[in-house]
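# Report on the structure
Okay, here's what each chain looks like letter by letter:
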Amino acid sequence: MSELNLILLGPPGAGKGTQAERLQEDFPLLYLATGNILRAAVAEETELGRKAKEYMSRGELVPDDVIIGVILDQLRDEEASDGFLLDGFPRTVGQAEALDEALQDFGRTLTAVLLIDTPDDEVVRRISGRRVSVKTGRVYHVDFDPPKHEGVCDVDGSRLIQREDDSEETVRKRLAVYHEQTAPLIGFYEKQGLLKRFDGRRPPNEVHDHIRATLATLRLEEQI
Ligand code: ADP
Ligand code: ADP
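In short, a report on the structure.

Calculation notes
- Residues numbered from 1 in each chain as written.
- Chains lettered and ligands numbered in written order.
- Predicted model: local features only at pLDDT ≥ 70, side-chain atom pairs only at ≥ 80, totals over all residues.
- Heavy atoms only, no water.
- Salt bridge = Lys/Arg side-chain N within 4 Å of Asp/Glu carboxyl O.
- Helix = DSSP H or I, 4+ residues; strand = E, 2+ residues; numbered from the N terminus.
- Near = heavy atom within 4 Å.
- Polar contact = N/O pair within 3.5 Å; in protein donor to acceptor, adjacent residues only side chain to side chain.
- Areas by Shrake-Rupley, 256 points an atom, 1.4 Å probe, with all protein chains shown as cover.
- Axes fitted to C-alpha atoms, helices over the stretch in contact; angles between N-to-C directions.
- Parallel < 35°, antiparallel > 145°, perpendicular 65-115°, else oblique.
- Left-handed = near helix turned anticlockwise from the far one by under 90°.
- Contact = heavy atoms within 4.5 Å.

### Quick notes on the pattern of salt bridges
Counted according to the given criterion, the structure contains 20 salt bridges. Close ionic contact of E47 with R50 constitutes a salt bridge, the shortest N to O distance being 3.0 Å. Of the two residues, E47 and R50 are both situated in helix α3 (residues 47-58); the distance of three residues between them amounts to about one turn of the helix. In this structure, R76 engages D73 in a salt bridge whose closest nitrogen and oxygen atoms are separated by 2.9 Å. Placement of both R76 and D73 in helix α4 (residues 64-76) is noted, with a separation of three residues, approximately one turn of the helix.

### Topic: the site of ligand 2
Near ligand 2 you find 18 residues, and of these G13, T18, R130, Y140 and R202 are the closest. A distance of 3.2 Å separates a nitrogen atom of ligand 2 from a polar atom in the side chain of R126. Taken by itself ligand 2 offers 560 Å² of open surface, and the protein chains cover 92% of this. Counting residues per element, the ones that place at least two in the shell around ligand 2 are α1 (16-26) and β6 (139-141).

### Regarding the packing of α1 against helix α9 (residues 204-223)
Put simply, α1 and α9 touch, their axes get as near as 10 Å, and they point 50° apart. Of the possible angle classes, the one that applies to α1 and α9 is oblique. Helix-helix and strand crossings are classified by hand; for α1 and α9 the assignment is right-handed. The segment α1 lies against α9, with T18, Q19, R22, L23 and D26 engaging P204, N205, V207, H208, I211, R212 and L215.

Printed below as a string of structure tokens:
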């Protein structure tokens, strides 16, 4: 099959990062998670980090002109030529339009947009229990996916923290932003025939199995 060019769409805490980790084990995809890229920029105090920091801590989106160039530069890169997995981008119609234009320029197309549909009350439960390794970025949940030893990463024993923007108040704000600015992308990609929906309330392995089955069907359809 030609390359897999995928977008993971869904509210904060839907399980996009969790599924991305599994999908990268299945396929050689360049994984670009804008939240991770921006948090690294904030930690390194780069120009990008300086521009993004305040928006992120308020639970607002960073402006389109700050993020679009960063992602398109990486997609242009040789590393993205076997396929990519975008997590957290696009998050506005403006970003989606910029991505469409750029892909057209590169002579590439999207394979599918994977929507992990998860209701707001579940999102709040997930995000308030989310813990992240300071070093590996591996994500846990205090109840749904606890580490073997409390507060430390299974992979390398690094410390687990709660993200500053994972407080309940900021999560509510992020959800409002999602419904207002990101949810319109569902219709945007539905119109292009690219949207595939998954029930994000299911356990991680089930969601993963459903995604894999969908991608397998897409491959078969392409061969016919
Ligand atoms: P989540 O776990 O909510 O899906 P992310 O880690 O993807 O969160 O994003 C964290 C924050 O980074 C967002 O609340 C927003 O401030 C910023 N951000 C990430 N991706 C984008 C984007 N594509 N456009 C604008 N802001 C973004
Ligand atoms: P996102 O990248 O969409 O913000 P994450 O993958 O970080 O979401 O997941 C948010 C939290 O919910 C994490 O603590 C994760 O362990 C947990 N989680 C992810 N998927 C599921 C699921 N299907 N069922 C229960 N908890 C989940």
